[in-house]
Amino acid sequence: MTTTSPDQGPAEATLEFLRSAIATEWREPALGHDGVSAWESEHGVVLPEPYRSLIAEITNGSSLGPPEDGGLLPLGWLPPDWPYDRDRNPAAPFPLREAWAWEGEPLADDHDERVGDVYNHGSILLGADDGPSYWVLVVTGPQRGKVWVVTEVGAYPYPMPEAVGFLEWVQRWHAGDGWWD
């Protein structure tokens, strides 16, 4: 388990921005701090701030919000088209530090396992876009707190070449910045 304390919440200005970015009428009920702590204990990981406070205090998902196509998924949810149907392990190390375009590369014996690890280790799913493309928030390792895009052709830090944190991701969506702008 990561050593980050859940008591080190974000500044009130950050929470105010997140409240304003996701309209009240589109919010799912927040989990509360006890609900978040229970999920973290079950999965062996402490979620990064300010995402942790968002789902504890503001909303655990939103049908309108980042990402634009499907909104923000509730904690632990996967869409029906999730391509790697095996157990997710958020506490396992996220396997990447830089972009990996796996489409077209020579297939090693462990290729499918390595791709599956990108989908299922060290992250939680934020949402999906057409493509299929999935937004993940890394919760372990050197990329902890950063947002990545995992697609059928590879995995990339958003917005490239370096990943931004959850707050910056929401800010970009809220400002109307496009996918790779």
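Preceding this paragraph is the structure being described.
Here's a quick rundown of the structure. Keep in mind it's a predicted model, so treat the numbers as computed, not measured.

### Section: the overall build of the chain
Secondary structure assignment for the chain yields five helices and five strands. Its helices and strands in sequence order give the chain the pattern α-α-α-β-α-β-β-β-β-α, from N to C terminus. The C-alpha radius of gyration computed for the chain amounts to 16 Å, which stays within 12% of the reference 16 Å derived for 181 residues, consistent with globular compactness. Its C-alpha atoms give the chain principal-axis dimensions of about 50 × 35 × 30 Å. Going through the 181 residues of the chain one by one, you find that 49% of them count as buried. For the chain, the proportion of contacts with a sequence separation of at least 24, taken over those separated by at least 6, is 61%. With an accessible surface of roughly 8,900 Å², the chain has 50% of that area assigned to carbon and sulfur atoms. Taken as two groups, the 10 positive and 30 negative side-chain charges of the chain have centres that lie 6 Å from each other.

### Observations concerning helix α3 (residues 51-58)
Of all eight residues making up α3, seven are buried, and the element is well covered by its neighbours. Residues of α3 that are buried make contact with α1 (12-21), α2 (32-43), β2 (123-129), β3 (133-138) and α5 (166-174).

### A few points about the packing of α1 against α5
Relative to each other, α1 and α5 sit at 40°, their axes nearing to 11 Å. As summarised for this structure, α1 and α5 are arranged oblique, according to the angle between their axes. By crossing handedness, the relation of α1 to α5 is classed as left-handed. Between α1 and α5, the contacting residues are Thr14, Phe17, Leu18, Ser20 and Ala21 on the first element and Phe166, Leu167, Val170, Gln171, Trp173 and His174 on the second. A breakdown of the residues in the contact of α1 with α5 according to their chemical character gives seven nonpolar, four polar and no charged.

### Digging into the nonpolar core
Residues Leu47, Tyr51, Leu54, Ile124, Leu126, Phe166 and Trp169 are the most contacted members of the largest nonpolar core, which totals 30 residues. Only α1, α2, α3, β2, β3, β4 (147-151) and α5 provide two or more residues apiece to this core. Core analysis: the next-biggest nonpolar cluster, separate from the first, contains 18 residues, Leu73, Leu96, Leu125 and Tyr134 among them.

### Examining the packing of aromatic side chains
One pass over the full model with this rule turns up eleven aromatic pairs. A ring pair is formed by tyrosine 51 and phenylalanine 166, whose centres lie 5.3 Å apart and whose planes are at 75°; its orientation type is edge-to-face. With a gap of 115 residues between them, tyrosine 51 in helix α3 and phenylalanine 166 in helix α5 connect regions that are remote in the sequence. There is no split in this pair, since tyrosine 51 and phenylalanine 166 are both buried. Residues tryptophan 135 and tryptophan 169 carry aromatic rings whose centres are separated by 5.5 Å and whose planes lie at 50° to one another, so their mutual orientation is tilted.

### Quick word on the pattern of salt bridges
The full count for this structure, using the stated rule, is four salt bridges. The salt bridge involving arginine 19 is made with glutamate 12; its shortest N-O contact spans 3.0 Å. Note that arginine 19 and glutamate 16 form a salt bridge whose closest N and O atoms lie 2.8 Å from each other. With arginine 19 and glutamate 16 both in helix α1 and three residues apart, this pair spans about one turn of that helix. For arginine 19, a relative accessible area of 25% translates into the label partly exposed. Accessibility expressed as a relative area gives 43% for glutamate 16, which makes it partly exposed. Put simply, Glu12, Glu16, Arg19 and Glu57 are held in one network by salt bridges that share partners.

Calculation rules
Residues numbered from 1 in each chain as written. Predicted model: local features only at pLDDT ≥ 70, side-chain atom pairs only at ≥ 80, totals over all residues. Heavy atoms only, no water. Helix = DSSP H or I, 4+ residues; strand = E, 2+ residues; numbered from the N terminus. Rg over C-alpha atoms; globule rule 2.2 N^0.38 Å. Buried < 20%, exposed > 50% of the residue type's maximum accessible area, 1.4 Å probe, protein only. Contact = heavy atoms within 4.5 Å. Areas by Shrake-Rupley, 256 points an atom, 1.4 Å probe, with all protein chains shown as cover. Lys, Arg positive; Asp, Glu negative; His and termini not counted. Charge placed at Lys NZ, Arg CZ, Asp CG, Glu CD. Axes fitted to C-alpha atoms, helices over the stretch in contact; angles between N-to-C directions. Parallel < 35°, antiparallel > 145°, perpendicular 65-115°, else oblique. Left-handed = near helix turned anticlockwise from the far one by under 90°. Nonpolar A, V, L, I, M, F, W, Y, C, P; charged D, E, K, R; others polar. Core = buried A, V, L, I, M, F, W, Y, C linked by side-chain atoms within 4.5 Å. Phe/Tyr/Trp six-rings, centres within 6.5 Å; stacked < 30°, edge-to-face > 60°. Salt bridge = Lys/Arg side-chain N within 4 Å of Asp/Glu carboxyl O.

Coordinates in, geometry out; function isn't part of it.
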